[in-house]
Amino acid sequence: MAATFKVSYVVAGEEHPGAILNTETRPRQGDLVRLGSDDFVVEEVIELIPPRGDFYYLHATVRPPDELT
Amino acid sequence: MNPKDILTGVELFEGLQPEEINTLAEACEERVYPLNEIITQQGEVGEELFIVYDGFVEVVRAGASPENAPRTIVHLGEGQIFGEMALVDRGPRSATVKAASDEAHLLVIKRENFDRICEKNHHIGYVVMRNIAADLSFKLRHHHLTGR
């Protein structure tokens, strides 16, 4: 089985609950991600806990795109 | 995509053999909820475990007192589960969950089917319960990081 990345997305700088979802590719700084109905830009990605089997557990900090312009 | 293919990519079933995943897939029902439709209601008795395989759901908790507005705790997307607390402790639903994308596609396992499978095959029971504990731990870590 291919790797699965379980990501805890936390939105910086605004009142937003964030999201948890699986992705097939590791998110990277600068990536655009859709959480619910909103788009965000990935600022930072760290490993939250060690991988288990084919699953990798990551924490990503994201910001609304307009905050970066 | 058939239920088995979906379950293979869900952490809840990590560590199971293909034939064990098949057994669980056969017990799953597919449901689709339109945007904002309520899937589970806080306080109600829960008899089902849900797996998101496409779209998003929003987890909302009512305030402790009537004057406190409901608060969104988290959005859950592909591969995530909810309803597991009521499945394990048989308590009331701890939150209201509603569809948060145009459509939320879910797989649903009823508790009676889940219990029957776990009783019959203790390896499935052990692996799934361990993965439920790991998922609850991950959600707690996310909660700590968001400060909500």
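These numbers were taken from a predicted model, which means no experiment stands behind them.

A. Highlighting the overall build of chain B. Scanning chain B for helices and strands turns up five helices and eight strands. Walking chain B from its N terminus toward its C terminus, one meets helices and strands in the order α-α-β-β-β-β-β-β-α-β-β-α-α. In terms of overall dimensions, chain B is globule-like: its C-alpha atoms have a radius of gyration of 15 Å, near the 15 Å expected for 148 residues. Based on the C-alpha atoms only, the size of chain B along its principal axes is roughly 50 × 30 × 30 Å. Contacts in chain B between residues at least 24 apart in sequence constitute 76% of all its contacts with a sequence separation of at least 6. On chain B, roughly 7,300 Å² of surface is accessible, and the fraction owed to carbon and sulfur atoms is 50%. Between the centroid of the 15 positive side chains of chain B and the centroid of its 24 negative side chains there is a distance of 5 Å.

B. Expanded view of the pattern of salt bridges. One pass over the structure, following the stated rule, counts 14 salt bridges over all chains. Notably, a salt bridge pairs Lys 110 of chain B with Glu 48 of chain B, separated by 3.1 Å at the nearest N-O pair. With Lys 110 of chain B in strand β8 (residues 103–110) and Glu 48 of chain B in strand β3 (residues 48–54), the pair connects residues that are 62 residues apart, well separated along the chain. Here the salt bridges share partners, and the residues they tie into one network are Lys 6 and Arg 52 of chain A together with Glu 11, Glu 14, Glu 84, Arg 130, Asp 135 and Lys 139 of chain B.

C. Quick look at the pairing of β8 of chain B. Residues and elements named next belong to chain B. Across the eight residues that make up β8, a large majority, six, are buried. As defined by bridge partners, strand β1 (residues 28–34) adjoins β8 across seven bridges and the pair is classed as antiparallel. By the bridge assignment for β8, Glu 30 is matched with Leu 107. Pairing of β3 with β8, which is carried by six bridges, proceeds in the antiparallel orientation. Bridge assignment links Glu 48 to a residue of β8, and that residue is Lys 110.

D. Just the confidence of the model for chain B, in detail. Of all residues in chain B, 95% have pLDDT values of 70 or greater, and the mean over the chain is 90. Scored by ipTM, the complex comes to 0.85, with pTM at 0.89.

E. A look at the sheet that holds β8 of chain B. All names here are of chain B. Across the sheet, four strands lie side by side as β1-β8-β3-β6; this open sheet has antiparallel pairing. The open sheet has two free edges, formed respectively by β1 and β6 (81–82), since each of these has just one partner strand. Contacting β3 and β8, helix α4 (residues 111–120) crosses the sheet at an angle of about 50 degrees to β8.

F. Spatial organisation of the interface of chain B and chain A. In this assembly, 28 residues from chain B lie in contact with 27 residues from chain A. A per-residue breakdown of the area chain B buries against chain A is headed by Glu 11, Phe 56 and Phe 138 of chain B, which together make up 28% of the total. On the surface where chain B and chain A come into contact, there are four salt bridges. Put simply, Glu 11 of chain B and Arg 52 of chain A hold a salt bridge, and the shortest N to O gap is 3.3 Å.

G. A look at the sheet that holds strand β4 (residues 38–52) of chain A. A sheet is described by the order of its strands in space; here nine strands give the open sequence β3(A)-β4(A)-β5(A)-β1(A)-β2(A)-β5(B)-β4(B)-β7(B)-β2(B), paired in mixed fashion. In this open sheet, the two edge strands, each paired with only one partner strand, are β3 (32–35) of chain A together with β2 (38–40) of chain B. Averaged over all neighbouring strand pairs, the angle between strand axes comes to 35 degrees, with direction disregarded. In this sheet, strand β5 (residues 71–76) of chain B lies alongside strand β2 (residues 19–23) of chain A in parallel orientation, the contact comprising two bridges. By the bridge assignment for β5 of chain B, Ala 19 of chain A is matched with His 75 of chain B.

The rules behind the values
- Residues numbered from 1 in each chain as written.
- Chains lettered and ligands numbered in written order.
- Predicted model: local features only at pLDDT ≥ 70, side-chain atom pairs only at ≥ 80, totals over all residues.
- Heavy atoms only, no water.
- Helix = DSSP H or I, 4+ residues; strand = E, 2+ residues; numbered from the N terminus.
- Rg over C-alpha atoms; globule rule 2.2 N^0.38 Å.
- Contact = heavy atoms within 4.5 Å.
- Areas by Shrake-Rupley, 256 points an atom, 1.4 Å probe, with all protein chains shown as cover.
- Lys, Arg positive; Asp, Glu negative; His and termini not counted.
- Charge placed at Lys NZ, Arg CZ, Asp CG, Glu CD.
- Salt bridge = Lys/Arg side-chain N within 4 Å of Asp/Glu carboxyl O.
- Buried < 20%, exposed > 50% of the residue type's maximum accessible area, 1.4 Å probe, protein only.
- Pairing = 2+ DSSP bridges.
- pLDDT = per-residue confidence, 0-100.
- Axes fitted to C-alpha atoms, helices over the stretch in contact; angles between N-to-C directions.
- Buried area = accessible area lost by both parts, 1.4 Å probe.

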